[in-house]
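# Tertiary structure, described
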Amino acid sequence: MNTNKSQSCSSLQNTLRQSNATRKMNQLSRHGHKLLRTSCGMMGFIFISCLVVLRICIASGATVVPSSYSFNPLLLDLTQSLRDTPFSKELEAAASSSRSCVSQSYVWNMHRINEMPSGTYEYLSKNYVTLMPFIYKIYIDRSEEGEYFGTNGAQTGELLYRHVLAEDFWRSNIVSTEDVLLLGAHGSMLKERNKVIPTIKLMWPSMSETQVNDLFEDIQGLINGIPLTFDNPLLSLNALAAPGGDILGNGVIFPAAIVMGDGIIDKLLDMGLGANGPDFVHAHEYAHQVQFDLGVYNDANAPPSPIDTRDKELMADAFSAYFLSHDNGGNMSTPEILELHKTAFTIGDCNFESKNHHGTPSQRSCASMWGAMQAINGNERRNVLRGRKLDDTTTTTTVMSPTLLRESFDSALHDIVSLNPDICPFPEENDSGECIAEMVPIIVKLKLDGFAAETMWSIKSKTDGTTYMAKSYSKVNDFTHVSHYVCVHPDKEYEFYILDTFGDGILDGFYSIHNGTTGSLLVEGLGDFGRSISVPFSLSLCPGMMPITINIQLDFFAVETSWAIKAADGVEYKRTSYGVDDKETNVIETVCVHLEKEYTFSIWDSYGDGIQKGYFKIFNGTSIEDETALLAEGDGESIRKSAEVQFSPTLCPNKVLITLAFQLDYYSVETSWSIKPNVPDGEEIASKRYKVEDRKKFVTELVCIQRGEEHILHVLDTYGDGIINGGGFKAFIGQSVEDEDNLIFERNGNFGRSTSVIFSV
């Protein structure tokens, strides 16, 4: 280690600690440090020097700063292209905490960067370490042999399959299209000396052998100190299309290639877009190969601009969705096509001034919608956008030539960029609290401080990873109260994530979330959360329990009436009495109870004449309109002094509760299932896609089905090898998975890509 450099770091750190202490003692207000930050930013070269030294003084003790060496000029074009992809630009913005708007991709990046030790990602990014897996794959080892996709190879089978489809689809329409290699860039490459050393030498030819080896050791120390080490998705979070030819100008001919980083695949998996998201990114990169052949990038003299690049990238989004939606191409179903639009939205960027701006989230999703519409016949186009099921008899056999598709896109470009609702039927921002069927509103409220632009937040489903809203603010929101309606599904668990980019929270501020229907408080907190905080919440009235509803018609003497609910084990769940103001009212109260227990409802009249012309009823759930959910009832006058009724709540009123049990393998992200009635166009009852954290777990899922009707369970493995290493699944009547007498069926995991089971109870 360089001793002088170490001493300089120590000196700088001590100086900073002393200045921090002095600054805190002399703060005139809690905003003092923010004012200092502004003045420090105007100190020019001093401020920049601080950043450079701080980047060296990270915990791992890095000794080599590659940016001080001459970079190989033959690699500059590709390296700049890699750094200008939307994935790289989103990471760059997240690392610098500089943002004019928030995309879902950006919020995810902020989470991952904040998990690293301070300064680590900045060093890895600015010194090209995160580009090494791609440079190695493109310039040193452009080989498909043994290639895999995703950290654990979860998407290998799927992407290889889609790649063959893309080659066949586009080759049949473009005579000049050559074979395009499909390659993977892996963060794990960075721990292999025999791969990293030649990559460093290629990137920095002027480095000595000692400096090359020191840089390799620095990289090992840095990455071993971050979450997931060499499997961290930020190390390979990119995807690109590399043209074929003499790309180095040295006479060596390279074949055309698409390179998919493990990081972008793992990111999409983590965001709940693992089934079709990687397909969209791959098809987008293949669309660039089509654009190369069409001459879209032939004007080498035209300087790139944000608008020019955006238009080319939106065209690639449209071509991607066209191929994947077409019967002769990807032949995706309606739910899969809708996930393409969601993926396009998720990876949109807000780098409006960058010459490599790829389009806002809404614009990218709109381009995807337009492309899908071109592949669908007639009236079915709108159905794809609205999420309705396609008529299985409708097929598309005509494939538009790429030239004609390009001309059609150019004609529609203005409508796509301006988000014409005829092409892009996005829901308008919801200020009314009205939601479509099967969704309910929640209300997010914040009191912002004088630095509103530092605040951003998101709401994400913990169930499937879907981001329901991501929001940021600008200076015009300083010192304001803001309120937003968000439509969510009532049966999911959620995470509210709020971030202050400077790291001091919202000064004298607060945040809260209320149920927009009932007004009940779901989340609340003060602004003193520092840099960020994640808060789980659920719309369920009874998390981990279930609601029952008590409905009582009181008489004039309401003060005489009281009641209680007690379980068979003696635990009392609720006791209520009434006052004078409750006379002759019809009261409705919800009580949270546990399943699989017997309960006693006791009601008393202190005078001993019952409830005159009154009654009491107990319902399963929260509705008193559904008489089929009635658990118990009684006439008010028959109570006299007291009365008791026994009842047992059920999760599935008038239906049968079954339990699906899965023993998952290491590749849990490959496994998903759905269940529906075994009839034509049967509506899906329940479904689940598993995540990385479910690896090797034994998981159970509760489902309510109609008694006596046939149902079909469909299980999918995206890689195509089933649930390996002893995996499999079972179904039981009821909640117990121990009672073999209630076993409905059992299957092992050797089913290849998919299997279906038809059953009834």
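Scroll up for the structure.
## So, the packing of aromatic side chains
Under the criterion given, the structure shown has 24 aromatic pairs. Residues Trp170 and Phe319 carry aromatic rings whose centres are separated by 5.8 Å and whose planes lie at 15° to one another, so their mutual orientation is stacked. With Trp170 in helix H9 (residues 156-171) and Phe319 in helix H14 (residues 306-325), this residue pair connects regions lying 149 residues apart in the sequence. Centre to centre, the rings of Phe662 and Trp673 are 6.2 Å apart; their planes meet at 15°, and the pair counts as stacked. Of the two residues, Phe662 is situated in strand E20 (residues 656-663) and Trp673 in strand E21 (residues 671-677); the sequence distance between them amounts to 11 residues.

## Some points on the packing of H14 against helix H16 (residues 361-375)
Across the interface, H14 lies against H16 with an axial gap of 7 Å and an inter-helix angle of 40°. When the interaxial angle is binned, H14 and H16 end up oblique. H16 is crossed by H14, and the crossing has right-handed handedness. When H14 is examined against H16, the residues Arg310, Leu314, Asp317, Ala318, Ala321, Tyr322 and Ser325 are found in contact with a partner set consisting of Gln363, Arg364, Ala367, Ser368, Trp370, Gly371, Ala372, Gln374 and Ala375.

## Observations regarding H9
Given a rise of 1.5 Å per residue, 16 residues ought to cover 22 Å, and the 22 Å separating the end C-alpha atoms of H9 matches this to within 8%. Taken together, the buried positions of H9 are occupied by Thr156, Glu158, Leu159, Arg162, His163, Ala166, Glu167, Phe169 and Trp170.

## Thoughts on the side chain of Ser458
Among the secondary structure elements, Ser458 is positioned in strand E5 (residues 455-461). For Ser458, a relative accessible area of 5% translates into the label buried. Look past the residues within four positions of Ser458 in its chain and what remains in contact with it is Val107, Met469, Ala470, Glu495, Phe496 and Tyr497.

## What to know about the pairing of strand E13 (residues 561-567)
Summarising burial for E13: five of the seven residues are buried, a large majority. Strand direction decides the pairing type here: E13 and strand E14 (residues 572-577), joined by five bridges, are antiparallel. Counterpart to Ala564 in the pairing with E14 is Arg575. Connecting E13 to the next strand, E14, in antiparallel fashion are four residues, including Gly570 with a positive phi near 95°.

## Let's talk about a negative patch on the surface
Together, Glu738, Asp739, Glu740 and Asp741 line one region of the surface with negative charge. If you trace the backbone, Asp739 turns up in the loop between strand E25 (728-733) and strand E26 (743-748). Judged by relative accessible area, Asp739 falls into the partly exposed class, the value being 31%.

## Brief notes about the sheet that holds E25
Taken together, four strands build an open sheet; the order of strands is E23-E20-E25-E26 and the sheet is antiparallel. Of all strands in the sheet, those bounded by a partner on one side alone are strand E23 (698-705) and E26. Ignoring which end each strand starts from, the neighbouring axes of this sheet average 15° apart. Relative to E25, E20 is paired through six bridges, and the arrangement is antiparallel. Looking at the pairing, Leu660 lines up with Ala731 of E25.

## Quick word on unusual backbone geometry
Phi at Asp508 takes a positive value of approximately 55°, unusual for a residue other than glycine. Here Asp508 is to be found in the loop between strand E8 (493-500) and strand E9 (510-515). The phi torsion at Glu584 lies on the positive side, around 60°, for a residue other than glycine.

## Some details on helix H10 (residues 193-203)
Among the residues of H10, those classed as buried are Val196, Ile197, Thr199, Ile200 and Met203. Take H10 and look down its axis: the buried residues cluster within an arc of 165°, on one side only. The secondary structure elements touched by the buried residues of H10 are helix H8 (132-140) and helix H11 (209-223).

Parameters and conventions
Residues numbered from 1 in each chain as written. Predicted model: local features only at pLDDT ≥ 70, side-chain atom pairs only at ≥ 80, totals over all residues. Heavy atoms only, no water. Phe/Tyr/Trp six-rings, centres within 6.5 Å; stacked < 30°, edge-to-face > 60°. Helix = DSSP H or I, 4+ residues; strand = E, 2+ residues; numbered from the N terminus. Axes fitted to C-alpha atoms, helices over the stretch in contact; angles between N-to-C directions. Parallel < 35°, antiparallel > 145°, perpendicular 65-115°, else oblique. Left-handed = near helix turned anticlockwise from the far one by under 90°. Contact = heavy atoms within 4.5 Å. Expected span 1.5 Å × (residues − 1). Buried < 20%, exposed > 50% of the residue type's maximum accessible area, 1.4 Å probe, protein only. Pairing = 2+ DSSP bridges. Patch = residues over 30% accessible without salt bridge, like charges linked within 9 Å, V, L, I, M, F, W, Y side chains within 5 Å. Areas by Shrake-Rupley, 256 points an atom, 1.4 Å probe, with all protein chains shown as cover. Salt bridge = Lys/Arg side-chain N within 4 Å of Asp/Glu carboxyl O. Lys, Arg positive; Asp, Glu negative; His and termini not counted. Charge placed at Lys NZ, Arg CZ, Asp CG, Glu CD. Arc of directions from axis to C-beta.

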